[in-house]
Every structure is written in C-alpha cells, then in structure tokens.
Amino acid sequence: MPAADLVCFNPDCRKRCAIDAVLYTCPRCGALLEVANDYSRADPGALKALWDKRRASRAKIDVSGVWRFREMLPFVEDPAQIVTLPEGNTPLFDAPGAAAYAGIDRIQFKHQGYNPTASFKDNGMTAGATQAVKLGMKRVACVSTGNTSASMAAYAAAAGLQPIVFIPRGNIAYGKLAQALEYGALTIQVEANFDRILALVRELAEECGIYLLNSLNPFRIEGQKSIVIELLDQRNWQAPDWIVLPGGNLGNVSALGKGLRELRQIGLIDRLPRVAVVQAEGAAPFYRYFHGGGGYEPIREPETLATAIRIGDPVSWPKAAGEIAATAGVAEAVTEQQIADAKAVIGRCGIGCEPASAASLAGIRKLVAGGTIDPAADIVAILTGHLLKDPDYVYRYHTGRLETPSGGKIASAFGNAPVTAPDDPAKIAELLARWSGDPLSGHGAF
Ligand code: F0G
C-alpha cells in the first residue's frame, strides 16, 4: 500500500480516492484534490540525518533536490519509475542591494531559475511526470504561459512520453517557446487566453485519454512543495518570518503552504512563516478577492508584461486562500513599473530573474512601505524563473523601449543601454577614463 491517498480539498467533502485514480477534481463535489500523506511514524531527527547522509550519494534520486526528500513524497513505490533530470538544489542568495531597495535589513532569494529548464516548474514536473509513468500514460498535456510547457516537454522527452503543449498565441516569452520546440513537444498556439485554453484542455484531456500536467494535478503540487523543504534544509530548519512569491495560477503558493504545514506537522519546523503572494495589478483576481470582502471574481482580460502570471481565473485560488489563511499571510499587487524596476535591481545584484519573479521584491517593497512587513524581518523571496527566459523584455527595458500593455511608457530608472563605439582605441580609452562605474545612458556617450 502506498503511504498516500488522494483526498478532496473541500473540508465539507473530504472524499478519499485511490492514489492511482486519474482524477484532477473530486468526483463527488468537483473541488480540487490533494495528496494526503501519512506522517504518523515520521521522526524529524531521523529524517534530517537520512537527508544529510544522501548528500554524499551519487544515486540519481539522491542527487535530486526533490527526491532526496522522498519520505515526504511517499506516492512512489518503485524508485525506477522516477523521472529526474535532476532538479532542485537551487541556491539561496543574500542580496544586500535588493534589501536596501526594498527598505529591509536583509533578504534571501531562493532562485528556482537554477533548475534544469530554468524555472520552479521542474520541482513539480518531476513528480507529475513520474505519476504519468506510474499510470502507464503515453501522452501528457498542459496549458501554459510558457514555463510549465518548457518543463513538461523536457520531462516528457526524458521519460519517452509524448508532450502536447497549448499556449496563448503571441503571449509567451521566446525563451520558453524555444524550449518547448527544442524538447520536441507538439506545440499548439491557440487564439485565446490562458484561462480559456485551460477550460478547453480539461475537456479534451478526458475525451482523448491525455494526462494533464497543469498545477491542478495534485502530484505537481506534491513535487513543488519540495521548494520549501529544501529551503528550510538550507536554513538549518530555521523558519523565516516571511516567504514572498509571485502568484499566477496559484499552484505554487498552494504547494508551498502544504509543504510548510507538513514540515510543522512532522516537527521539522516549529512555526509557520507568513506567506505573501504578489500579483501584477492587471492580473490580480486573488489580490482583489483577498482585499475585497465580497466573493471571488475572475478577471476576463488579464494584462501584464510579466506574461508568466497573465492569468485572470487562477484554478488553485481556493487552495491558495486556505494556505494564506493558515499562515496569516497576505496578497499584494504591484504595477508594471514596479516589477520592471525591481527586476533590474535583482539583476544589479548579479542574480537576475524573469519579470514575474521580480513581483516578489516589488511586493516586499510595497508591504514594507505600507507597514505590513517589518524592515527587520527575516524574509525569503522565491525567484521563479531565470533572467534569460525573456531577453526581449530585458533589452527593451535597458534601451528605454518597454511599454505597458496599454501602450504607456515604462521609465528605465535602472536602464543600462549598450554603447556603440568607433574603431578607435583612443576614443574608447577616453570613454573608460570618464566612466564612473554606473550605467551610461547609451546615447551621446561618444
Ligand atoms: N513565476 C513564473 C516564472 C511562472 O512561470 C509562474 C507560472 C508563476 C510565477 C506563478 O506561479 O501559477 O503557481 O501561481 N507559470 C505557469 C506556466 C502558469 O504555465 O508556466 P503559479
């Protein structure tokens, strides 16, 4: 018997289903499902010792920053079925420049862009792809703003599955589209936004016997919770005061919240950090729900240059609401300008990230200014994707050509345009002598 079940997330239903049922929502009430793990015999001291010991191992599943913690993912009985590239093992950076920008004493960035396909999706996809193999599925599919499709395509290719990717036409960053093509996914660009395509693909999956690997798949969430397991391991099991992350479809906040609750249940941490989820103002249905007092209302035409989080009807919002409540967390929203500047600041720390990831730092800055986060707090922000996912955005920002979705100007406060030089060593030497170390405007440097 696997030490896990599928359970309905709705507290009034809690229907239990077999772990190997091909289900994404509850057959009784339609709510999202989650994997329920039995930790009644888990010993925190023994787990820490075992996980430490695995660091010296060369076995693939021990090298993975997800499966090293496999006692918290007990749905796999046969390790030979695990699909790993290997993922996780992402760094934790100190970034004094970013802390100063946000008005706080100190910040750590957990950079998920250091994963094999350069986003946090790999932590979840290794688990989702493994479940697909366990179930004997041949075809896997996802709807994506780009990173899920890149990740799914890679893991499917590695496992010999056929990947089918649905993306909103014209609205994903080229780095991500390039990955899906290179890894061999059938890539279908649909003339609709993410929310509409997800509804369409949920219908198709059932009809065509395709295994869905969007974050409504509970095994994706299981894998993704390893981000906080690894984070706490790196911090010697000292919980921070805050964990801050961007929110789109809200799978990640759901996963991190579940991971934190389970770590506390086992006794690996003694308190829950507060979780803050940050959305882009033009795509902020969860922020509106959190602050609105009324019910949840999707946004029909979400807009943001941070295309990864351009989502108006996040499928995991009920889970996210539960996790934010459980951690006394908050939801925040930030402007396009705030995201762009925060992103450039993260770049100047020598770290870099894609636009959606920078919403976390922009959100911290706003939450500090508004008095919600104490400047002396111990804060970890999750950087979800790599700088090179969206180079077009970067180039536009630094050359003063970035515009909001409605055509408004984005000021390049931290811009760093390239300088064109004549073939003349004397002129270049003269420029270098004049250069203070700060970025030049790029225009009229000669
Ligand atoms: N940051 C990045 C870089 C993302 O790609 C996403 C989501 C998020 C943040 C938000 O995470 O959806 O769990 O709240 N990208 C998905 C995709 C939707 O299709 O790649 P979330």
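Undergrad: Explain the overall build of the protein chain to me, using residue names and the numbers behind them.
TA: When helices and strands are counted, the protein chain shows 16 helices and 13 strands. With the C-alpha coordinates of the protein chain rotated into their principal frame, the extents come out at 75 × 50 × 45 Å. Expressed as a percentage of its 446 residues, the buried residues of the protein chain come to 57%. About 18100 Å² of surface is accessible on the protein chain, with carbon and sulfur atoms providing 51% of the total. Placing the 45 positive and 46 negative side-chain charges of the protein chain at their respective mean positions leaves the two points 2 Å apart.

Undergrad: An account of the pairing of strand E6 (residues 139-143) is needed here, citing residue identities and associated values.
TA: Of all the five residues making up E6, four are buried; the element is thus mostly covered by neighbouring parts of the structure. Sheet topology note: the E6/strand E7 (residues 162-168) ladder contains five bridges and is parallel. Bridge pairing in E7 links Ala141 to Ile164. Note on the crossover from E6 through helix H5 (residues 147-159) to E7: the handedness is right-handed. As paired elements, E6 and strand E9 (residues 211-212) share two bridges and run parallel to each other. Of the residues in E9, the one forming a bridge with Val140 is Tyr211.

Undergrad: So what's going on with the packing of aromatic side chains? Residues and values would help.
TA: Two aromatic rings are characterised by how far apart their centres lie and by the angle between their planes. Tallied over the entire structure, the rule returns 11 aromatic pairs. For the ring pair Tyr101 and Phe414, a centre distance of 5.9 Å and an interplane angle of 80° mean the geometry is edge-to-face. Remark: Phe414 occurs in the loop between helix H15 (391-398) and helix H16 (425-434) and Tyr101 occurs in helix H3 (residues 96-102); sequence separation between them is 313 residues. Classification of Phe414 as partly exposed rests on a relative accessible area of 23%. Among the aromatic side chains, those forming a connected cluster through ring pairs are Phe286, Tyr289, Tyr296 and Trp317.

Undergrad: Before we move on, could you go through helix H14 (residues 355-369) and cite the residues and values that matter?
TA: In this model, H14 (15 residues) spans 21 Å end to end at C-alpha, consistent with the 21 Å of a helix rising 1.5 Å per residue. Among all positions in H14, only Pro355, Ala356, Ser357, Ala358, Ala359, Ser360, Leu361, Ala362, Gly363, Ile364, Leu367 and Val368 are buried. One or two residues past the end of H14 sits Gly371, with phi positive at roughly 85°.

Undergrad: Provide a residue-level description of the site of the ligand, including the pertinent values.
TA: Near the ligand you find 20 residues, and of these Gly248, Asn249, Leu250, Asn252 and Thr384 are the closest. One nitrogen or oxygen atom from the side chain of Asn147 is found 2.8 Å from an oxygen atom belonging to the ligand. Between the ligand and Thr148 there is a distance of 2.8 Å, counted from an oxygen atom to a backbone nitrogen or oxygen. Elements with a minimum of two residues in the shell around the ligand: H5 and helix H10 (251-266). When grouped by side-chain class, the residues that make up the shell around the ligand number seven nonpolar, 11 polar and two charged.

Reading the values: the criteria
- Residues numbered from 1 in each chain as written.
- Predicted model: local features only at pLDDT ≥ 70, side-chain atom pairs only at ≥ 80, totals over all residues.
- Heavy atoms only, no water.
- Helix = DSSP H or I, 4+ residues; strand = E, 2+ residues; numbered from the N terminus.
- Buried < 20%, exposed > 50% of the residue type's maximum accessible area, 1.4 Å probe, protein only.
- Areas by Shrake-Rupley, 256 points an atom, 1.4 Å probe, with all protein chains shown as cover.
- Lys, Arg positive; Asp, Glu negative; His and termini not counted.
- Charge placed at Lys NZ, Arg CZ, Asp CG, Glu CD.
- Pairing = 2+ DSSP bridges.
- Right-handed = clockwise from strand over helix to strand, strands pointing away.
- Phe/Tyr/Trp six-rings, centres within 6.5 Å; stacked < 30°, edge-to-face > 60°.
- Expected span 1.5 Å × (residues − 1).
- Near = heavy atom within 4 Å.
- Polar contact = N/O pair within 3.5 Å; in protein donor to acceptor, adjacent residues only side chain to side chain.
- Nonpolar A, V, L, I, M, F, W, Y, C, P; charged D, E, K, R; others polar.

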